[in-house]
Amino acid sequence: MPSFGITDFYASAQRQEFARKFQFKIQTLGPLTEEDLIYFTTTTLPGKTISNQTVPYMGVTFNVPGTVSYEGSSGWNVTFRCDEASNIRSKLLAWQTEIFDVNTSSGKYGVPIEAAVVQQLGKDLKPLRTFRLIGIYPTKVGDLSYDVTNNGEPQTFEVTFAYQYWEEI
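Let me begin by describing the structure that accompanies this report. Worth saying up front: this structure is predicted, and the values here are computed from it rather than measured. (Residues numbered from 1 in each chain as written. Predicted model: local features only at pLDDT ≥ 70, side-chain atom pairs only at ≥ 80, totals over all residues. Heavy atoms only, no water.)

**Side note on the overall build of the protein chain**
We count it as follows: Secondary structure elements are defined from DSSP: runs of H or I of at least 4 residues count as helices, runs of E of at least 2 residues count as strands, and each element is numbered from the N terminus. Categorising residues by exposure relies on relative accessible area from a 1.4 Å probe, with only protein chains included: less than 20% of the type maximum marks a residue as buried, more than 50% marks it as exposed, and the intermediate range marks it as partly exposed. We call two residues contacting when some pair of their heavy atoms lies within 4.5 Å. Working definition of accessibility: Shrake-Rupley area with a 1.4 Å probe, residue cover restricted to the visible protein chains. Charge assignment in this entry is limited to Lys and Arg as positive and Asp and Glu as negative, and neither His nor the chain termini are counted. The location of each charge is read from NZ of Lys, CZ of Arg, CG of Asp or CD of Glu.
Broken down by element type, the protein chain carries three helices and ten strands. Each helix and strand of the protein chain, ordered N terminal to C terminal, gives the series α-β-α-β-β-β-β-α-β-β-β-β-β. In terms of its C-alpha atoms, the protein chain occupies a principal-axis envelope of roughly 65 × 50 × 35 Å. Counting the 169 residues in the protein chain, one finds 28% classified as buried. The contacts of the protein chain with a sequence gap of at least 6 include a subset with a gap of at least 24, amounting to 61%. Summed over all atoms, the accessible surface of the protein chain reaches about 11900 Å², with 54% contributed by carbon and sulfur. Here the protein chain carries 14 positive and 18 negative side-chain charges, and the mean point of each set is 8 Å from the other.

The following block contains the structure:
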């Protein structure tokens, strides 16, 4: 049996490095500009699952792949720092109004055409992997919480998006 010791681990870590939690970038997201997107602070890179289908035959259960599902596609959560004038939040709220306008009870009820592009970055901050989230739209633009006893911490707000599926490009 081969052994894998500390020096082997260290040599492997030197060759492959470790991903860091800050190594991502949102390249495009609906109506937001590149300047808006630098206020983006946290998210997750989406995953997917292939369903398993069992096929029993003569007392043996075989496992075969089924369809794909995109876990979290109905609730992709992100956090933004809020700019002083709340311009980013305002753009997101306007995007929601395009989807459903309470004043006219109308909106974009069709299949969403917008996409988001998320990049996983290397240590040189150049893209390693690029993912496109197809048919994205904001489902929830979160509250802004204020506190006069706070020590000046930058304001953040949560946004939840839904999308149809993603692809690596």
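**Side note on a nonpolar patch on the surface**
Condition: Here the term patch refers to residues with relative accessible area over 30% and no salt bridge, with like charges joined within 9 Å and nonpolar side chains (Val, Leu, Ile, Met, Phe, Trp, Tyr) within 5 Å. Whenever Lys or Arg places a side-chain nitrogen within 4 Å of a carboxyl oxygen from Asp or Glu, that contact is recorded as a salt bridge.
A cluster of nonpolar side chains, Val55, Tyr57, Met58, Val60, Phe62 and Val64, forms an exposed patch at the surface whose accessible area comes to about 600 Å². Elements supplying a minimum of two residues to the nonpolar patch: β3 (49-57) and β4 (60-69). Ranked by residues supplied to the nonpolar patch, first place goes to β4 with three residues. In this structure, Val64 sits in strand β4.

**Comments concerning the pattern of salt bridges**
Under the definition given, this model contains six salt bridges. Across the salt bridge formed by Glu114 and Lys108, the nearest N and O atoms sit 3.7 Å from each other. A relative accessible area of 44% means that Lys108 is categorised as partly exposed. Among the ionic pairs, Glu167 bridges to Arg132, the shortest N-O distance being 3.6 Å. With Glu167 in strand β10 (residues 165-168) and Arg132 in strand β7 (residues 127-134), this pair connects stretches of sequence that are 35 residues apart. For Glu167, a relative accessible area of 30% gives the class partly exposed. Since its relative accessible area comes to 28%, Arg132 is described here as partly exposed. What you see here is one network of salt bridges that share partners, running through Glu98, Lys108 and Glu114.

**Quick word on the nonpolar core**
Going by this rule: Take the buried residues of types Ala, Val, Leu, Ile, Met, Phe, Trp, Tyr and Cys, join any two whose side-chain atoms come within 4.5 Å, and each joined set is a nonpolar core.
Among the nonpolar cores identified, the biggest contains 25 residues, and Leu29, Trp76, Phe80, Leu92, Leu133, Ile136 and Phe161 are the most heavily contacted of them. When residues of this core are traced back to their parent elements, those giving at least two are β1 (24-29), β5 (76-81), α3 (87-99), β6 (115-121), β7 and β9 (156-162). Other than its neighbours up to four places away in sequence, Leu29 contacts Leu37, Phe40, Phe80, Trp95, Ala115, Ala116, Ile136 and Phe161.

**A short note on unusual backbone geometry**
For Ser105, which is not glycine, the phi torsion reads 50° and is therefore positive. Exposure remark for Ser105: the relative accessible area of 51% places this residue in the exposed category. Positive phi, close to 65°, is recorded for Leu125, a residue that is not glycine. For Leu125, the location among the structural elements is in the loop between β6 and β7. Taking relative accessible area as the criterion, Leu125 reaches 52% and is therefore assigned exposed.

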